[in-house]
Amino acid sequence: MDIGIPKESLAREHRVALAPSGVKTLVERGHRVYVETGAGGEAGHGDGDYQSAGATVVYARDEVFHRSGLLLGVQAPAPADYLLLQPGQTVLAFWMLPALHAESLRVLMDRQITAIGLEAIEDDDGRAPALTSMSEIAGALAVIVGAGLLLNEFGGKGILLTGAPGVPPAQLVILGAGVLGQAAARAAAGLGAEVLLLDVSTEKLREAVDRLPGRMPTMVASPHNIERALSFADLVIAAPAVHGDRAPVVITRAMLKRMKPRSVIMDFAIDMGGCLETSRPTYFPNPTYEVDGILHFCVPNLPAIVARSATLALTNTVGPWVMELAEKGADAALAGDRALRRGAYLHGGRCVKESLSQLFGLPFQPFSVPER
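Residues numbered from 1 in each chain as written. Predicted model: local features only at pLDDT ≥ 70, side-chain atom pairs only at ≥ 80, totals over all residues. Heavy atoms only, no water.

J.: Provide a residue-level description of the pairing of strand S13 (residues 294–297), including the pertinent values.
T.: Burial of S13 is two-sided: the residues Ile-294 and His-296 facing one way and the residues Leu-295 and Phe-297 facing the other way are all buried. Two elements, strand S12 (residues 288–291) and S13, share 4 bridges in a ladder whose sense is antiparallel. When the bridges of S13 are listed, Tyr-289 appears paired with His-296. Joining the antiparallel neighbours S12 and S13 is a turn of 2 residues, in which Asp-292 adopts a positive phi near 50 degrees. (Buried < 20%, exposed > 50% of the residue type's maximum accessible area, 1.4 Å probe, protein only. Helix = DSSP H or I, 4+ residues; strand = E, 2+ residues; numbered from the N terminus. Pairing = 2+ DSSP bridges.)

Written out as structure tokens, the structure reads:
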């Protein structure tokens with residue numbers, strides 16, 4: 001199969017869909033891989049690395065799209081690239097389609113592509129491997145970046161996350177006991193921060209308590225408890241777990257009034273629409289803005305700031321799916337792999353994900369292999 005890897009076009013997206021090691025595996029199995037020049041440069045993988053792995057480096061963006069039956073991306077193609085998509089083409093990326101504008105979704109359907117969202121691929125036990133790999137990285141980064149945002153020089157109130165002898169640590173509240181929330185809690189606890197973990201599921205909280213060090217306090221994430229936690233929080237990491245659906249709004253603007261001035265709140269569901277009423281996407285070098293005296297951080301692709309590590313983690317996770325799609329083709333791969341099929345939003349331009357059809361009022365057509 002012909003496989004394309006374009007250079008990412010989203011602002012400050014430094015990752016690349018597949019490291020040279022993943023490309024080499026595909027080439028050794030007889031597949032042709034076309035990589036847009038510079039695609040891996042910011043993740044530490046130059047054009048020469050891809051050529052050594054057997055890929056063909058191309059210098060025209062449209063060539064990558066036109067030559068590929070399977071297109072790989074970290075982020076989904078930008079609207080400016082939609083007209084480059086080919087009918088029958090399969091695109092594997094973090095699509096986040098529930099957060100897309102309706103008109104953009106209709107254009108994608110008209111292009112008759114198959115769109116598989118890495119964030120929505122889920123096994124029978126409810127685990128989302130690609131989302132997990134990035135959430136583990138984002139959780140650790142959330143604490144590092146959040147600690148920095150508490151500093152005066154970055155707009156915070158001047159609190160040291162870990163505290164000091166005779167000085168109490170910051171109060172950290174984490175909303176969501178999923179992979180990202182647990183990773184953040186583990187990192188923060190290791191630094192000595194005071195952590196409170198909330199989730200709507202007592203089962204998830206029980207699981208988190210068993211996995212995390214010490215006896216971390218937890219609460220059910222009811223509106224009352226969220227407001228209560230916000231009232232004493234210095235730093236809030238909001239990360240409700242969503243797999244392929246729009247994020248629920250769990251913090252309203254009215255709730256912000258309960259927070260102490262110059263506290264920090266980080267929305268890690270922003271790529272799926274955001275879980276704060278006051279959220280809007282932000283990007284480096286200006287990742288924050290202020291609403292009602294509260295500093296907001298809403299960067300949708302935080303793992304991109306550790307592009308090399310994140311690219312390797314992504315390659316390890318998506319490699320088997322890429323090989324399956326390349327060896328079998330999209331129809332057979334989706335028919336035989338339930339986890340991959342759960343990740344499909346569009347198949348040949350038809351909406352095959354029921355939650356997406358309900359969100360946008362689209363006709364829902366369950367997956368079926370077209371007759372040849």
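J.: Lay out helix H7 (residues 202–211) in plain terms, naming residues and giving numbers.
T.: Three or more residues of H7 are buried, namely Leu-205, Ala-208 and Val-209. Projection of H7 onto a plane perpendicular to its axis shows the buried side chains occupying an angular sector of 100 degrees, all on one side. Exposed residues on H7 whose side chains face more than 90 degrees from its buried face are Asp-210 and Arg-211. Those residues of H7 that are buried are in contact with helix H6 (179–191), strand S8 (194–199) and strand S9 (218–220). The opening residue of H7 is Ser-201, an N-cap whose side-chain oxygen sits 3.3 Å from the backbone nitrogen of Glu-203. (Arc of directions from axis to C-beta. Contact = heavy atoms within 4.5 Å. Polar contact = N/O pair within 3.5 Å; in protein donor to acceptor, adjacent residues only side chain to side chain.)

J.: Explain the side chain of Thr-315 residue by residue, including any values.
T.: With respect to the helices and strands, Thr-315 occurs in helix H10 (residues 307–328). Judged by relative accessible area, which is 8%, Thr-315 ranks as buried. Those residues within four positions of Thr-315 in sequence are excluded, and the remaining contacts are Ala-17, Leu-18, Ala-19, Ser-21 and Gly-22.

J.: If you had to explain the environment of Pro-363 to someone new, which residues and values would you point to?
T.: Tracing the chain through its elements places Pro-363 in the segment after helix H13 (354–360). Between the C-alpha atoms of Pro-363 and Val-352, which are 11 residues apart in sequence, the distance is 8.9 Å. With sequence-adjacent residues up to four places away left out, Pro-363 is seen in contact with Cys-351 and Ser-357.

J.: Can you lay out the sheet that holds S13 for me, pointing to particular residues and giving the numbers?
T.: If you walk across this open sheet you meet the 7 strands as S9-S8-S7-S10-S11-S13-S12, and the pairing is mixed. Where the open sheet ends on each side, the last strands, each with one partner, are S9 and S12. Strand-to-strand twist in this sheet, taken as the mean axis angle between neighbours without regard to direction, amounts to 20 degrees. Alignment of strand S11 (residues 264–267) against S13, held across 3 bridges, turns out to be parallel. In the strand pairing of S13, Met-266 is matched with Phe-297. The strands touched by helix H8 (residues 223–232) within the sheet are strand S7 (171–175), S8, S9 and strand S10 (235–238), with S8 carrying the most contacts at an inclination of about 160 degrees. (Axes fitted to C-alpha atoms, helices over the stretch in contact; angles between N-to-C directions.)

J.: So what's going on with the sheet that holds strand S14 (residues 344–347)? Residues and values would help.
T.: The strand order across the open sheet built from 8 strands is S3-S2-S1-S4-S5-S6-S14-S15, with neighbouring strands paired in mixed fashion. Whereas interior strands pair on both sides, the edge strands pair on one side only; in this sheet they are strand S3 (56–58) and strand S15 (350–351). As judged from the 2 bridges shared by S14 and S15, these two strands associate in the antiparallel manner. Bridged to Leu-346 within S15 is Cys-351. In the packing of H10 onto the sheet, contacts are made with strand S1 (2–5), strand S4 (70–75), strand S5 (90–94) and strand S6 (114–117), and the angle to S4 comes to roughly 160 degrees.

J.: Give me H6: which residues, what numbers.
T.: Over its 13 residues, H6 extends 19 Å from the first C-alpha to the last, a length consistent with the 18 Å expected when each residue adds 1.5 Å. For H6, the set of buried residues is Leu-180, Gly-181, Gln-182, Ala-183, Ala-184, Ala-185 and Ala-188. Looking one or two residues past H6, Gly-192 carries a phi angle of roughly 95 degrees, positive in sign. (Expected span 1.5 Å × (residues − 1).)

J.: An account of the environment of Pro-213 is requested, with residue identities and associated values reported.
T.: With respect to the helices and strands, Pro-213 occurs in the loop between H7 and S9. The class of Pro-213 is partly exposed, set by a relative accessible area of 45%.

J.: An account of unusual backbone geometry is requested, with residue identities and associated values reported.
T.: Looking along the chain, the bond that leaves Phe-284 and enters Pro-285 is cis, with omega of 10 degrees. Within the chain, Arg-12 stands out as a residue other than glycine whose phi angle is a positive 60 degrees. By the element assignment, Arg-12 lies in the loop between S1 and helix H1 (20–28). With relative accessibility at 42%, the residue Arg-12 sits in the partly exposed group. Despite not being glycine, Arg-262 has its phi angle at roughly 65 degrees, a positive value. Checked against the element boundaries, Arg-262 lands in the loop between helix H9 (253–256) and S11.

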